[in-house]
Amino acid sequence: MPKKAPQRWLAIAAAGLLLLTAGCSGAGSTGGGSGDSGDKTITALMVGNPQMEDIQKLTAENFTKQTGITVKFTILPENELRDKVTQDVANQGGQYDVATVGAYEVPIWAKNNWLHELSTQAQADSAYDAGDLLKPMVQSLTGEDGKMYAAPFYGESSFLMYNKELFAAKGLTMPEHPTWAQVADFAAKLDDKGKGVAGICLRGLPGWGELFAPLTTVVNTYGGTWFEKDWTPKVNSPEFTAATQFYVDLVKKHGESGAPQAGFTECLNTFGQGKAAMWYDATSAAGTLEDKNASKVAGKVGYAYAPVHKTEYSGWLWTWAWAMPKTTKKADASWKFISWATSKDYEKLVGEKLGWSRVPSGKRTSTYAIPEYKESAAAFADVTLGSIEHADPQNPGVQPRPALGVQFVGIPEFADLGTKVSQEVSASIAGSNTVDKALADGQKLAEDVASKQKK
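Read on for a plain summary of the structure. (Residues numbered from 1 in each chain as written. Predicted model: local features only at pLDDT ≥ 70, side-chain atom pairs only at ≥ 80, totals over all residues. Heavy atoms only, no water.)

1. A few points about the sheet that holds strand E7 (residues 301–305)
Logical step 1: Spatially, the three strands line up as an open sheet ordered E6-E5-E7, and their pairing is antiparallel. The two strands at the open ends of the sheet, each matched to only one other strand, are strand E6 (278–282) and E7. For this sheet, the mean angle separating the axes of adjacent strands, direction not counted, is 30°.
Logical step 2: Summarising the sheet, strand E5 (residues 158–163) and E6 pair through five bridges and their orientation is antiparallel. Bridged to Met161 within E6 is Trp279.
Logical step 3: Across the sheet, helix H15 (residues 381–390) touches E5 and E7, and the angle it forms with E7 is around 20°. (Pairing = 2+ DSSP bridges. Helix = DSSP H or I, 4+ residues; strand = E, 2+ residues; numbered from the N terminus. Axes fitted to C-alpha atoms, helices over the stretch in contact; angles between N-to-C directions. Contact = heavy atoms within 4.5 Å.)

Structure, rendered in structure tokens:
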């Protein structure tokens, strides 16, 4: 196991949220004045990733039978989910009792008093074993008051996945710590459009959490940054430009077809069907790729650390987590669902019913001691944990940063900024824009953000 990264970044700084609505008041963390209604049905909004689809399959026959609580799920693609949950929570819509949110939103929303804190329930429930949760994930979901405002469902970093059969056929060997130059060379050698196989799959779908999740890690390792420590914007800097041009050129030359509309889900399907030789993305994808019922490349995938250029490591840090908006009137029932969904028992249920490779991992220390999981995850578990441990949101690049975040900038304005610039970069992949034009426009947007941060 690689040496642990410094832990000083674990203190998460929350920022104010730039929205027209003000923070709402609500019931206490255990339900308080709002209480639970007699209707034992809760509504859940979640992102359409494989792990979420699994919980939808398992809830009725397990959680509902045990508790009598029915869960009505709404599943949306990542970009749509972000828009929907932000609108509901920020505008106090009250449509959902629980929702999946990420490490970017939670500290900001906690400061605005939009979420129930969950530390009280988690620590009071000995069976839940809150101390077993991985510290990096808990800290990423912690408000400035030191309390946890969402419970991690699964945690991830990013790494490079590659088809070992395709590499062997070409006599190529993937190093444990590849550089981006090596990856580009491999992609050129493995690209076989005649057989429907791309050299690499990379996200091109617009969205700060889609295209810019992997791309920002490339920017970091190329020596670039969205903002310097004093909030000087650097979106059109030589380093940011070089990284983006490299990414765009690589996906245009050797990437998947339809790249401008390909996000996590599309690349998962492409690589899982054997139609790409490599894929750089979330470590959480490995469980699905190793499931023989869902993947044609199960048992054929190799895993390497996130490619680098100037830095030693460059993987991101993320968790999809269950949060409870303050507007819910069913806090007790909602906590019962959240605690079940993020428990050791749920992991065991997934392993026994669906396969151990599909366990939503990256959140509990105990997961990595389960013999069945260790066996099923042998190909990727060590690289996953090593990637999580070396992800450094405080210093992810070569210069000091003004806000925490590896693949995002931990300020409310970044969601809009990152998405708008991603639209321009995606257009560059499609051939209707240039990288220079995209980043010049992005620099102007970043200057507006910087001017507000400096006030």
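2. Things to note about the pairing of E7
Logical step 1: With five of five residues buried, E7 is to be regarded as a mostly interior element.
Logical step 2: Here E5 pairs with E7 via five bridges, running antiparallel. From the neighbouring strand, Tyr162 faces E7, where its bridge partner is Gly302. (Buried < 20%, exposed > 50% of the residue type's maximum accessible area, 1.4 Å probe, protein only.)

3. Observations regarding the pattern of salt bridges
Logical step 1: The full count for this structure, using the stated rule, is 17 salt bridges.
Logical step 2: Residue Arg82 pairs with Glu78 through a salt bridge whose shortest N-O separation is 2.5 Å. On the criterion of helical spacing, the pair formed by Arg82 and Glu78 is a turn pair, its members being four residues apart in helix H2 (residues 78–90). Like Arg82, the residue Glu78 is buried in the burial classification.
Logical step 3: A salt bridge links Arg203 to Glu210, with the nearest nitrogen and oxygen atoms 3.5 Å apart.
Logical step 4: Among the residues examined, Arg203 registers a relative accessible area of 3% and is labelled buried.
Logical step 5: Among the residues examined, Glu210 registers a relative accessible area of 5% and is labelled buried.
Logical step 6: A single salt-bridge network, built from bridges that share partners, covers Asp54, Lys57, Asp291 and Arg358. (Salt bridge = Lys/Arg side-chain N within 4 Å of Asp/Glu carboxyl O.)

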